[in-house]
Amino acid sequence: MRRLSLGSRLALLFAACTAVVSLSAGVLFNRASESHFIELDQQLLDARLAALRGSLAGVGNREDFQQRRERLPAELNLSPDLALRVSGADGQRWFNAANALPDDLPTQAGLTSLRIEGTAYRVFNAPLDPSKADSPQLTLILDITHHQHFLQRMQHLIWLTVSLSALATALLGAWAARSGLRPLRRMSEVAAGVSASSLTQRLPEEQMPPELAELAQSFNAMLARLDDSFQRLSAFSADIAHELRTPLSNLLTHTQVTLTRPRTLEDYRETLHSNLEELQWMAQLVNDMLYLAKADHGLLTPRREALELADEVDALLEFFMPLAEESRVRLRREGKASLAGDRGMLRRALSNLLDNALRFTPMEGEIAVKLEHVAQGLRVSVENTGEGIAPGLLPQLFDRFYRADPARREGSSEHAGLGLAITQSIVRAHGGQIRCESGVGWTRFVIELPTSH
Amino acid sequence: MKLLIVEDQPKTGHYLRQGLNEAGFNTELVADGITGQHLALTGDYALLILDVMLPGRDGWQILQAVRSAGLDIPVLFLTARDAVEDRVHGLELGADDYLVKPFAFSELLARVRSLLRRGSAATQETHLQLADLRLDLIRRRVERAGQRIDLTAKEFALLEMLLRRQGEVLPKSLIASQVWDMNFDSDTNVIEVAIRRLRLKVDDAHPHKLIHTVRGMGYVLEERNA
């Protein structure tokens, strides 16, 4: 089923409201006129009744009535719509000026309305002398067709008003809705114009009505996030291609050059060794990227085993000890902390930080790993002495393929710049956060992990 | 020692068989799951190397059939997929080890040897020896040509591993895993440094070097005629 547009929906609602309002006004007016007419008729009939009572005063039986009946047509002629019936107390009909009407008219006292063959009447029954129980009965019958005509005309007018005003408001409503919804249409135009190649378009938030400003804001924020992720993704793909290009071109060149003419066994062996190194580097890169891709898809699910972080850190420091001793860097740990986490993953995360710290700590420097429990969990910080990192570069540290020193690696077997990104993924998989702080002479990576889940 | 490889990619299978044969194993290769399962159940193999994705029957089905037939052969899985569920699934079914492609052949060889060694009853040795290098496991002392060498605990563990597996090329990742219990791919050069320091103590003063680097593959402890 096709759904109604907002404009048509609003127009229909407007029309329905107008119809209901004008219809109820009409019905009220109709009711009021009707009761007004009843009042008028009652007054008229009361006056007639009083006159008749005057002319027929003292009549008790048929004979008396016959004597006075000559006067009646004159009385009745005063109002041509009026007819009269007179009956005795026993119900016998004495006089009937309404022969066209059926005999069995209502007999209860007071005013009754009825309709006979398309003509409306009011029937008014009253005793001739209210003080006597056996008084003859007077029945006054008033033709009220002209009232009915008026009421019918009124009704037609009401229906006409209702339908015309409904139509008018539907049209006006459609127009109003159309112009009122213009910002929404503009929004959908922008949304339709957004594609991977033009994520930079934004909605003018300040030009939006307050109801839509919030929506526009969230829409713009969504675009900004999409844009950012898309930029990262394309940069990532470009980086992958670039990272793989160097070793691939080395492999191609070296292999082709080696094969151009016969060589000694030693040369072949050397070529294969060199190729092996490139290949190993590429395999490591691919494995790291797969690891990150898994993290991106939320597939990095840490096991939760009870860990004493102090033990893990000590094991890692022991592992890195030979490397640290080479450059006479002191390694130390302070504090203790425990949590439920994945041993292998956390060791990997911390080993990347330590490896990174060792690269940038000068001879005779120091690397300190501090463990402490804080309000919401625990904090692990890895601090090393050495040249600080410029504040502008801190947020990029965790980007894939980011290297503090771009000249550091181009085709060498140095790391690919994925270590910190992997550490960040592991920390996030544990529900934590990582950041880097730096000052003059020191750099510190701070991991905050929640202890409860 | 007979090994069975079930691997449907011809190039991978061919090189694996060649590598293992040259390492001294008698290796058979089949490329489909049905033949693979038949051979695994009827042949007398010391080890199975199974790819997960296979035509006919996949590696897990073969493993299940082998285990339900009551055979206790060690099984090593190779797979291109590194999903944790896969790993858990394989180990639940009774796989003994797991390697994710791309892997280094030296890594595979070292793991194959570990698995085969696991089966044989480990004799309680008190000494390990190669040429004039002697390691006393009880007193935790090392001597070369009668001269005592002082080693740290980790250096001792590293030398013990090299001696126990003398003649085998040990990849860096295996050394990190066995000696330091670091089971992750790491591009750090800690192992190189550790080996260099061990060499300094064990080999430097002697004309016959025992610790050798196999470029791109790892380290080996063996006597070589210069």
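Shown above is the structure to which this text applies.
For the structure given in this document, a descriptive report is provided here.

1. Details of the overall build of chain A
Here comes step 1: Across its full length, chain A carries 10 helices and 12 strands.
Here comes step 2: For chain A, with 453 residues in total, the buried portion stands at 21%.
Here comes step 3: Contacts in chain A between residues at least 24 apart in sequence constitute 64% of all its contacts with a sequence separation of at least 6.

2. Section: the pairing of strand β11 (residues 218-221) of chain B
All names here are of chain B.
Here comes step 1: Of the pairings in the sheet, the one linking strand β10 (residues 211-214) to β11 comprises four bridges and is antiparallel in character. From the neighbouring strand, Ile211 faces β11, where its bridge partner is Leu221.
Here comes step 2: From the end of β10 to the start of β11, which pair antiparallel, there are three residues, and Gly216 there has a positive phi angle of about 75°.

3. Some details on the nonpolar core
Here comes step 1: Grouped together as the largest cluster of nonpolar side chains are 90 residues, with contacts concentrated most on Phe320 and Leu354 of chain A together with Leu159 of chain B.
Here comes step 2: Considering each element in turn, this core owes the most residues, eight residues, to helix α9 (residues 343-360) of chain A.
Here comes step 3: Here Phe320 of chain A is in contact with Leu331, Leu354 and Leu358 of chain A together with Val190 of chain B, once residues within four sequence places are set aside.
Here comes step 4: Core analysis: the second largest hydrophobic core is formed by 15 residues, Leu56, Ala83, Val123 and Ile141 of chain A among them.

4. Some details on the pairing of strand β1 (residues 82-87) of chain A
Residue and element names in this part refer to chain A.
Here comes step 1: Relative to strand β5 (residues 137-143), β1 is paired through six bridges, and the arrangement is antiparallel. Looking at β5, one finds that Ala83 is bridged to Ile141.
Here comes step 2: The sheet contact formed by β1 and strand β2 (residues 93-96) spans three bridges and is antiparallel. Paired with Val86 across the bridge in β2 is Phe95.
Here comes step 3: Hairpin connection of β1 to β2: five residues between the antiparallel strands, including Gly91 at a positive phi of 95°.

5. Some thoughts on the sheet that holds strand β4 (residues 119-127) of chain A
All names here are of chain A.
Here comes step 1: Judged by pairing direction, the sheet is antiparallel, and its five strands sit side by side in the order β2-β1-β5-β4-β3 without closing on themselves. Pairing within the sheet leaves two strands with one partner each, and these edge strands are β2 and β3 (110-116). Sheet twist, expressed as the average angle between the axes of neighbouring strands with direction ignored, equals 20°.
Here comes step 2: As paired strands, β3 and β4 are joined by seven bridges and run antiparallel to one another. In the sheet register, Gly110 faces β4, and the bridge partner there is Asn125.

6. Thoughts on the packing of helix α1 (residues 6-55) of chain A against helix α4 (residues 145-180) of chain A
Residue and element names in this part refer to chain A.
Here comes step 1: Running from amino to carboxyl end, α1 crosses α4 at an angle of 160°, the nearest separation of the two axes being 7 Å. Our classification of the angle between α1 and α4 gives roughly antiparallel. Read as a crossing pair, α1 and α4 show a hand that is right-handed.
Here comes step 2: Along the lines of polarity and charge, the residues of the contact of α1 with α4 split into 17 nonpolar, 13 polar and two charged.

7. Some thoughts on the interface of chain B and chain A
Here comes step 1: Opposite the 21 residues of chain B that make contact, chain A presents 24 residues.
Here comes step 2: Sorting elements by how many residues they give to the side of chain B that touches chain A places helix α8 (residues 190-202) of chain B first, with four residues.
Here comes step 3: The class makeup of the residues in the side of chain B that touches chain A is 10 nonpolar, four polar and seven charged.

Cut-offs applied
- Residues numbered from 1 in each chain as written.
- Chains lettered and ligands numbered in written order.
- Predicted model: local features only at pLDDT ≥ 70, side-chain atom pairs only at ≥ 80, totals over all residues.
- Helix = DSSP H or I, 4+ residues; strand = E, 2+ residues; numbered from the N terminus.
- Buried ≥ 20, exposed ≤ 12 C-beta atoms within 10 Å, placed from the backbone.
- Contact = placed C-beta atoms within 7 Å.
- Pairing = 2+ DSSP bridges.
- Core = buried A, V, L, I, M, F, W, Y, C linked by C-beta atoms within 7 Å.
- Axes fitted to C-alpha atoms, helices over the stretch in contact; angles between N-to-C directions.
- Parallel < 35°, antiparallel > 145°, perpendicular 65-115°, else oblique.
- Left-handed = near helix turned anticlockwise from the far one by under 90°.
- Nonpolar A, V, L, I, M, F, W, Y, C, P; charged D, E, K, R; others polar.

Purely geometric stuff here, so don't read any function into it on its own.
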